[in-house]
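Next come the chains, spelled out residue by residue.
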Amino acid sequence: MYRCQCQFIPDDVLKRWACDPQLSEEICKNADYSARLTQHLRDIRLQTKRLAGFLLETHPLSTLTENPEVTLFDCKQTLSLPGSQVRDPATSADITVSRTYTETDHLATFLRQVFKRNSMDNAGMTLMSSVHYGRKYNNAMWNGLQMIYGDGDGELFIDFTTGTDVIGHELAHGLTQYTLQLDYDEEPGGLNESISDCFGSMFRQWRFQQDSASADWLIGKEILGRTSLSRGFTCLRDMSNPGGKHCLAAQPAHYEQLKRGMDPHYTSGPPNLAFSTACKQAGGNSWDTVGQVWFHVITSAGQRPRMSMAEFAARTRQAATELFGKESAVESGVNAGWQKVGL
Ligand SMILES: [Zn+2]
């Protein structure tokens, strides 16, 4: 079994499609190709994580700029990274380019306004994205240095930049890289994936100005292709109902259901449910309430690559009390969230 990296689609989803006898050979071949290509990009990710850890340990990062630059590259369906730079992405006629630029820029604003954070490293790191990566590539990922988005094959998935939560999810992996430095296996891996879902979902809610009660808490709703939709799937994951049949990658909802060696895209189920439950119980906007608690823990605990879910839960309970007060709606929400998943 190979380990997860920071891609959006779990390996086994692509592998499952690749072996599906009811699908055309082209769809299957492409799913298999996407899964294998994704594995090869993993090594870069691990190396850049180590580099970021070294920099954090040895020298405090000095600030590059007060507002991070957003750069856009077009791979033109090749595998050449980063691709050719798009000079004026905001006004590009290519909807993928202009959308990715606009949403990434909004994400920088979201981090700055809501969390007082200057880019992922808090030192103005340039937000670099490559779109149209590969031919019909069925994934999106943070490779440790930049964002990479495939166009999807149109059957299983469509253009990955269509999902605001996909963009937020991947960039949040950068945030984790420059803060907790969580590993990608077992409980730290599940926390890593969950933090990306939490920030991806919060970013989508913030963009559409949805409070915790009106949000759908779905992940990957906008990127499913017609074959996925025709089989009754409506999302990749559901933070409020991790085991739902409408999820392409249904997850365990309770901590006790986690097993050793599980892909972090599945072990993220319990912390996802804890977060969405806490937000709904606290009321208001996720990014003003429980999101602040999560962000505080992520940015104040130092490098904790092997952090357990119990430790993360304990730290969020403590932070909720510190930031919002004992017996506040946020504190009781955070408690209720973790209790629901057995932590
Ligand atoms: Zn991820």
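Residues numbered from 1 in each chain as written. Predicted model: local features only at pLDDT ≥ 70, side-chain atom pairs only at ≥ 80, totals over all residues. Heavy atoms only, no water.

Focus on the coordination of the zinc ion
- Bound to the zinc ion on the protein side are His169 (NE2), His173 (NE2) and Glu193 (OE), at distances that span 2.1 to 2.2 Å.
- Sequence spacing among the residues donating to the zinc ion works out to H-x3-H-x19-E. Here the residue His169 occupies a position in helix H5 (residues 164–177), and Glu193 occupies one in helix H6 (residues 186–207), the gap between them amounting to 24 residues. With respect to burial, His169 and Glu193 carry one shared label: buried. (Donors = N, O, S within 2.8 Å, 3.2 Å for Na, K, Ca; no water. Helix = DSSP H or I, 4+ residues; strand = E, 2+ residues; numbered from the N terminus. Buried < 20%, exposed > 50% of the residue type's maximum accessible area, 1.4 Å probe, protein only.)

Some remarks on the packing of aromatic side chains
- Inspection of every chain in the model, using the stated rule, returns 14 aromatic pairs.
- Aromatic pair Phe110 and Phe203: ring centres 5.6 Å apart, planes at 50°, arrangement tilted. Here the residue Phe110 occupies a position in helix H4 (residues 95–115), and Phe203 occupies one in helix H6, the gap between them amounting to 93 residues. When sorted by exposure, Phe110 lands in the same class as Phe203, which is buried.
- Summarising the aromatic geometry, the rings of Trp217 and Phe275 are spaced 6.1 Å apart at their centres and angled 75° between planes, so their arrangement reads as edge-to-face. Taken as a pair, Trp217 in the loop between H6 and strand S6 (218–219) and Phe275 in helix H9 (residues 269–282) lie far apart in primary sequence, 58 residues in all.
- Of the residues examined, Phe275 reaches a relative accessible area of 0% and is grouped as buried.
- Aromatic rings pair up to connect Phe110, Phe115, Phe199, Phe203, Trp206 and Phe295 into one cluster. (Phe/Tyr/Trp six-rings, centres within 6.5 Å; stacked < 30°, edge-to-face > 60°.)

Section: the side chain of Ser268
- Note that Ser268 resides in the loop between helix H8 (264–267) and H9.
- A distance of 3.3 Å separates a polar atom in the side chain of Ser268 from the backbone oxygen of His265. (Polar contact = N/O pair within 3.5 Å; in protein donor to acceptor, adjacent residues only side chain to side chain.)

Description of the confidence of the model for the protein chain
- Summary statistics for the protein chain give a mean pLDDT of 92 and a share of 98% for residues scoring 70 or more.
- Note that pLDDT drops below 50 for residues 1–5; the model gives that stretch 22 contacts with residues more than four away or on any other chain. (pLDDT = per-residue confidence, 0-100. Contact = heavy atoms within 4.5 Å.)

Description of the sheet that holds strand S5 (residues 147–149)
- Read from one edge of the open sheet, 5 strands run S2-S1-S3-S5-S4, paired in mixed fashion. Edge positions in the sheet fall to strand S2 (84–85) and strand S4 (140–142), since each has one partner strand and no second.
- Pairing of strand S3 (residues 127–131) with S5, which is carried by 2 bridges, proceeds in the parallel orientation. Residue pairing in the sheet places Ser130 in a bridge with Ile148 of S5.
- H5 contacts S3, S4 and S5 of the sheet and is inclined by roughly 20° relative to S4. (Pairing = 2+ DSSP bridges. Axes fitted to C-alpha atoms, helices over the stretch in contact; angles between N-to-C directions.)

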